[in-house]
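Remarks on the overall topology
So you can see what is in the structure, the chains are spelled out below.
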Amino acid sequence: MSDSCIFCKTANGQIPSDFVYETKRVVVFKDINPQAPTHLLVVPKEHIETLNDLNDKDLTAELFEALKAAVKKLGISEYRTVINTGKGAGQEVFHLHIHVMAGRSFSWPAG
Ligand code: AMP
Ligand code: ZN
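Now for a quick tour of the structure.

Each value, and the rule that gives it
Residues numbered from 1 in each chain as written. Chains lettered and ligands numbered in written order. Predicted model: local features only at pLDDT ≥ 70, side-chain atom pairs only at ≥ 80, totals over all residues. Heavy atoms only, no water. Pairing = 2+ DSSP bridges. Helix = DSSP H or I, 4+ residues; strand = E, 2+ residues; numbered from the N terminus. Axes fitted to C-alpha atoms, helices over the stretch in contact; angles between N-to-C directions. Near = heavy atom within 4 Å. Polar contact = N/O pair within 3.5 Å; in protein donor to acceptor, adjacent residues only side chain to side chain. Areas by Shrake-Rupley, 256 points an atom, 1.4 Å probe, with all protein chains shown as cover. 1 Å grid on protein atoms, 1.4 Å probe; cavity = no way out; pocket = protein on both sides within 12 Å on 5 of 7 lines; lining within 4 Å. Sits in = over half its atoms within 2 Å of the grid points. Nonpolar A, V, L, I, M, F, W, Y, C, P; charged D, E, K, R; others polar. Core = buried A, V, L, I, M, F, W, Y, C linked by side-chain atoms within 4.5 Å. Buried < 20%, exposed > 50% of the residue type's maximum accessible area, 1.4 Å probe, protein only. Contact = heavy atoms within 4.5 Å. Points joined across faces, edges and corners; volume = space filled by probe spheres on them.

1. Observations regarding the sheet that holds strand β1 (residues 19-22)
- Here 5 strands make up an open sheet; going across it, the order is β1-β2-β3-β5-β4 and the pairing antiparallel. This sheet does not close on itself; its edge strands, each paired only once, are β1 and β4 (80-82). Taken over all neighbouring pairs, the strand axes of this sheet differ in orientation by 20° on average, direction set aside.
- With 5 bridges connecting them, strand β2 (residues 26-30) and strand β3 (residues 38-44) associate as antiparallel partners. Bridged to Val27 within β3 is Val43.

Okay, structure coming up:
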């Protein structure tokens, strides 16, 4: 837990937030600045800066299981997932998160 990290505070309940889905080690909540009609963030409760720092296979599985359960709960079967890793790739919040976007069409390659 990092005191200065917005996602640590959100994931651990210090900032009130409606979780779409929650497991022991993972939360799923709505992005504050949605880029699609549905825009979720799948976030570990523990502070892990980037995907490069994720070294726990159980947590890796739990992140993806939580993602799948959250979209199933919302009745979504088509969606775009994004993990920005590092400033050059567009990461702004340095607490690992998986973007899940749905409800519009998406172009490829991603910009
Ligand atoms: P990234 O650029 O991949 O680091 O994405 C960070 C995302 O976090 C952006 O889509 C922001 O809109 C979102 N965001 C920032 N602060 C919050 C917050 N307090 N609650 C929900 N989403 C947030
Ligand atoms: Zn954090």
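Picking up after the structure, the text goes on.
2. Re the site of ligand 1
- Within the structure, ligand 1 sits among 15 residues, and Asp31, Gly90, Glu92, Val93 and His99 are positioned closest to it.
- Contact distances for ligand 1 include 2.5 Å between an oxygen atom and a side-chain N or O atom of Asp31.
- Between ligand 1 and Gly90 there is a distance of 2.8 Å, counted from an oxygen atom to a backbone nitrogen or oxygen.
- Burial of ligand 1 by the surrounding chains reaches 83%, relative to a free accessible area of 510 Å².
- Placement of ligand 1 is best described as lying within the largest pocket.
- The residue inventory of the shell around ligand 1, partitioned by class, reads 6 nonpolar, 6 polar and 3 charged.

3. Focus on the nonpolar core
- Counting 18 residues, the largest nonpolar core has Val28, Val42 and Leu63 as its most contacted members.
- When residues of this core are traced back to their parent elements, those giving at least two are β2, β3, α2 (57-73) and β5 (98-102).
- Among the elements that line this core, the one with the most residues is α2, at 6 residues.
- Once you skip the residues sitting within four places of it in the chain, Val28 turns out to touch Phe19, Val20, Tyr21, Leu40, Leu41, Val42, Ala66 and Ala70.
- Of all hydrophobic cores here, the second largest spans 8 residues; its members include Phe7, Cys8, Phe29 and Val43.

4. Describing the layout of surface pockets
- By volume, the largest pocket amounts to about 720 Å³.
- If you list the elements that add at least two residues to the lining of the largest pocket, you get α1 (6-11), β2, β3, β4 and β5.
- When residues of the lining of the largest pocket are assigned to their parent elements, the largest contribution, 3 residues, is made by α1.
- By residue class, the composition of the lining of the largest pocket is 14 nonpolar, 12 polar and 5 charged.

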